[in-house]
Amino acid sequence: MTMEHAPMATETGLSARSIREATQARIAKRYAAERRFRAYGIAAILFGLVFLVALFATIFMRGYTAFLQSAFTLPVHLDQGAFGASSPPSENDILMADYTKLANRALFQVLGVDPGNRQDAKAAAALLSAHADTRIRNAVQADPSLIGKTIELDLLAHGNVDTFMKGHFDRSVPEGRRQLSDKQLAWLDKAAASGQLAKHFNTGLFTYGASSKPETAGVGVALAGSLYMMLIVLLVAVPLGVAAAVYLEEFAPKNLLTDAIEVNINNLAAVPSIVFGLLGLAIFINFVGLPRSAALVGGLVLALMTLPTIIIATRAAVAAVPPSIREAALGVGASKMQSITHHVLPLAVPGILTGTIIGLAKALGETAPLLMIGMVAFVVDFPKTPLDASTALPVQIFMWATAAERGFVERTAGATLILLAFLICMNVTAVVLRRRYERRW
């Protein structure tokens with residue numbers, strides 16, 4: 001190599017080295033950016049999980065006590081004289097007996113209260129729930145042979161007593177500002193120490209209806225109303241939604257009309273739910289004349305709200321079926337309808353089920369449209385038909401959240417836990433069905 005070629009070789013080596021170094025720097029910078037992006041994503045997920053865990057923990061800590069209820073275990077003497085002079089007592093005698101007096105007498109005996117002291121008797125009687133007489137009456141109606149005997153029954157304690165038993169009562173507050181006096185607290189301590197006042201599983205939370213007393217309030221009527229509405233949504237929205245989706249995807253011609261229909265269906269999926277409530281109020285109640293607070297009206301409103309979700313999910317499931325399936329069916333002589341009903345729809349079932357369950361879960365948690373059609377009624381009795389007055393679980397939660405008593409705070413959180421449990425079960429079911437029946441092409 002001559003001397004004049006040496007600088008050129010040196011320059012070439014430097015140039016290649018600088019290019020390699022620049023390339024490595026760019027690669028390192030790109031990898032660093034990818035690591036930062038991944039870290040941002042993980043941080044965002046952790047951030048959301050922290051808030052989700054905090055939300056669920058807060059609801060659980062406030063609501064788990066709703067599944068427990070304080071009750072007195074009392075020896076109730078069913079005095080024959082309380083049921084009239086006839087023997088055996090008639091049904092009317094059993095119905096009209098003074099069960100409150102029997103319950104108070106048993107409580108006075110346990111607490112050691114003198115019935116002749118009106119002030120003490122009144123203070124002690126206030127420790128029992130107003131539902132105590134109903135509990136005794138139900139036991140006697142179920143077995144009239146108990147009259148004249150002493151039976152041991154669990155009678156609900158008053159909401160203030162339940163608050164005390166669950167540790168939500170502050171003894172340091174001056175007696176004049178407390179809902180329980182010092183004497184009442186001494187009686188409660190005595191009954192709790194002897195085991196005659198204790199917390200039990202609150203079955204009434206699932207069997208009672210609306211009540212102005214927290215200890216006798218439950219979600220039973222709301223669950224029945226929600227069940228009726230979900231059945232109506234299932235019977236109305238699913239057939240209409242699947243039929244509309246199949247028509248639009250397989251039969252409808254591509255023109256301005258079908259394009260407008262598709263755009264409106266997609267837009268309806270994003271319309272605020274309260275708009276559907278206004279629609280139901282105008283059509284089903286004011287125009288058709290259906291009764292307010294009926295599960296039928298609520299189910300129809302929720303069916304209208306769920307339709308776009310089912311149509312969109314069904315269209316996506318039908319469109320995901322390979323064209324070769326249709327061509328093979330048509331090639332062996334099947335009609336267009338036969339190819340859809342025998343081949344396309346069965347293969348699209350996983351997607352249809354997923355969309356249906358997600359739509360039902362969304363409808364189960366809706367409150368605003370039900371408020372618009374008057375499903376905030378105070379309903380005590382279980383609805384026998386969809387035309388009877390009822391309420392829904394989200395509406396019941398809303399009503400309890402506006403109540404002033406301390407006992408309704410835990411009822412609100414407890415009912416929220418029940419609603420979340422239903423929603424989680426429905427979404428898990430959708431995922432399981434999707435994975436079990438999904439076909440990969």
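So, here's what we can say about the structure.

Analysis parameters
- Residues numbered from 1 in each chain as written.
- Predicted model: local features only at pLDDT ≥ 70, side-chain atom pairs only at ≥ 80, totals over all residues.
- Heavy atoms only, no water.
- Helix = DSSP H or I, 4+ residues; strand = E, 2+ residues; numbered from the N terminus.
- Rg over C-alpha atoms; globule rule 2.2 N^0.38 Å.
- Buried < 20%, exposed > 50% of the residue type's maximum accessible area, 1.4 Å probe, protein only.
- Contact = heavy atoms within 4.5 Å.
- Lys, Arg positive; Asp, Glu negative; His and termini not counted.
- Charge placed at Lys NZ, Arg CZ, Asp CG, Glu CD.
- 1 Å grid on protein atoms, 1.4 Å probe; cavity = no way out; pocket = protein on both sides within 12 Å on 5 of 7 lines; lining within 4 Å.
- Points joined across faces, edges and corners; volume = space filled by probe spheres on them.
- Nonpolar A, V, L, I, M, F, W, Y, C, P; charged D, E, K, R; others polar.
- Axes fitted to C-alpha atoms, helices over the stretch in contact; angles between N-to-C directions.
- Core = buried A, V, L, I, M, F, W, Y, C linked by side-chain atoms within 4.5 Å.
- Patch = residues over 30% accessible without salt bridge, like charges linked within 9 Å, V, L, I, M, F, W, Y side chains within 5 Å.
- Areas by Shrake-Rupley, 256 points an atom, 1.4 Å probe, with all protein chains shown as cover.
- Salt bridge = Lys/Arg side-chain N within 4 Å of Asp/Glu carboxyl O.
- Polar contact = N/O pair within 3.5 Å; in protein donor to acceptor, adjacent residues only side chain to side chain.
- Pairing = 2+ DSSP bridges.

**Details of the overall build of the protein chain**
Part 1 of the argument: Helices and strands together make up the secondary structure of the protein chain, namely 17 helices and three strands.
Part 2 of the argument: The C-alpha atoms of the protein chain give a radius of gyration of 34 Å, which is well past the 22 Å a tight globule of 441 residues would have.
Part 3 of the argument: Taken over 441 residues, the protein chain has a buried fraction of 41%.
Part 4 of the argument: Summarising the internal contacts of the protein chain: among those between residues at least 6 apart in sequence, 77% fall at separations of at least 24.
Part 5 of the argument: Between the mean site of the 38 positive side-chain charges and the mean site of the 31 negative ones, the protein chain shows a separation of 7 Å.

**Digging into the layout of surface pockets**
Part 1 of the argument: A volume near 330 Å³ is recorded for the largest pocket.
Part 2 of the argument: If you trace the largest pocket, you find 18 residues lining it, with Gly 159, Asn 160, Thr 163, Gln 179 and Arg 406 closest to the centre.
Part 3 of the argument: No other element matches the three residues that helix H6 (residues 159-165) contributes to the lining of the largest pocket.
Part 4 of the argument: Grouping the constituent residues of the lining of the largest pocket by class yields three nonpolar, eight polar and seven charged.

**Points about the packing of helix H9 (residues 220-251) against helix H16 (residues 393-401)**
Part 1 of the argument: It is at 8 Å that the axes of H9 and H16 come closest, and there the two elements cross at 145°. For the pair H9 and H16, the contacting residues are Ala 222, Leu 223 and Ser 226 in the first and Leu 393, Pro 394 and Gln 396 in the second.

**Thoughts on the nonpolar core**
Part 1 of the argument: Counting 66 residues, the largest nonpolar core has Met 229, Met 230, Val 297, Leu 302 and Leu 370 as its most contacted members.
Part 2 of the argument: Looking at this core, the element that brings in the most residues is helix H12 (residues 295-319), giving 12 residues.
Part 3 of the argument: Counting 41 residues, the second largest nonpolar core, distinct from the first, contains Ile 94, Val 110, Val 140 and Ile 151.

**Looking at a nonpolar patch on the surface**
Part 1 of the argument: There is a patch of nonpolar side chains on the surface, built from Ile 42, Ile 45, Leu 46, Leu 49, Leu 52, Leu 55, Phe 56, Ile 424, Val 428 and Val 432 and spanning about 890 Å² of accessible area.
Part 2 of the argument: Broken down by secondary-structure element, the contributors of at least two residues to the nonpolar patch are helix H1 (5-63) and helix H17 (407-437).
Part 3 of the argument: No other element matches the seven residues that H1 contributes to the nonpolar patch.
Part 4 of the argument: With respect to the helices, strands and loops of the structure, Ile 45 is situated in helix H1.
Part 5 of the argument: When its relative accessible area of 55% is taken as the criterion, Ile 45 is described as exposed.

**Digging into the environment of Ile 283**
Part 1 of the argument: Within the secondary structure, Ile 283 is located in helix H11 (residues 273-287).
Part 2 of the argument: We classify Ile 283 as partly exposed; its relative accessible area is 35%.

**Comments concerning the side chain of Thr 416**
Part 1 of the argument: Its place among the elements puts Thr 416 in helix H17.
Part 2 of the argument: According to the relative accessible area criterion, Thr 416 is buried, its value standing at 18%.
Part 3 of the argument: Among residues more than four places away in sequence, those in contact with Thr 416 are Ile 59 and Ile 397.

**What to know about the side chain of Arg 315**
Part 1 of the argument: Relative to the assigned elements, Arg 315 resides in helix H12.
Part 2 of the argument: Residue Arg 315 is classed as buried on the basis of its relative accessible area, which comes to 17%.
Part 3 of the argument: A distance of 3.0 Å separates a polar atom in the side chain of Arg 315 from a polar atom in the side chain of Glu 249.

**Some thoughts on the sheet that holds strand E3 (residues 197-201)**
Part 1 of the argument: The three strands are arranged E2-E1-E3 in an open sheet whose pairing can be described as antiparallel. Across the chains shown, the open sheet's two edge strands, defined by having one partner strand only, are strand E2 (150-156) and E3. When strand polarity is set aside, the average angle formed by the axes of neighbouring strands in this sheet is 40°.
Part 2 of the argument: The pairing of strand E1 (residues 68-77) with E3 spans five bridges and is antiparallel. The residue bridging Ala 71 from the neighbouring strand is Ala 198, located in E3.
Part 3 of the argument: Packed on one face of the sheet, helix H3 (residues 99-111) meets E1 and E2 and runs near 95° to E1.

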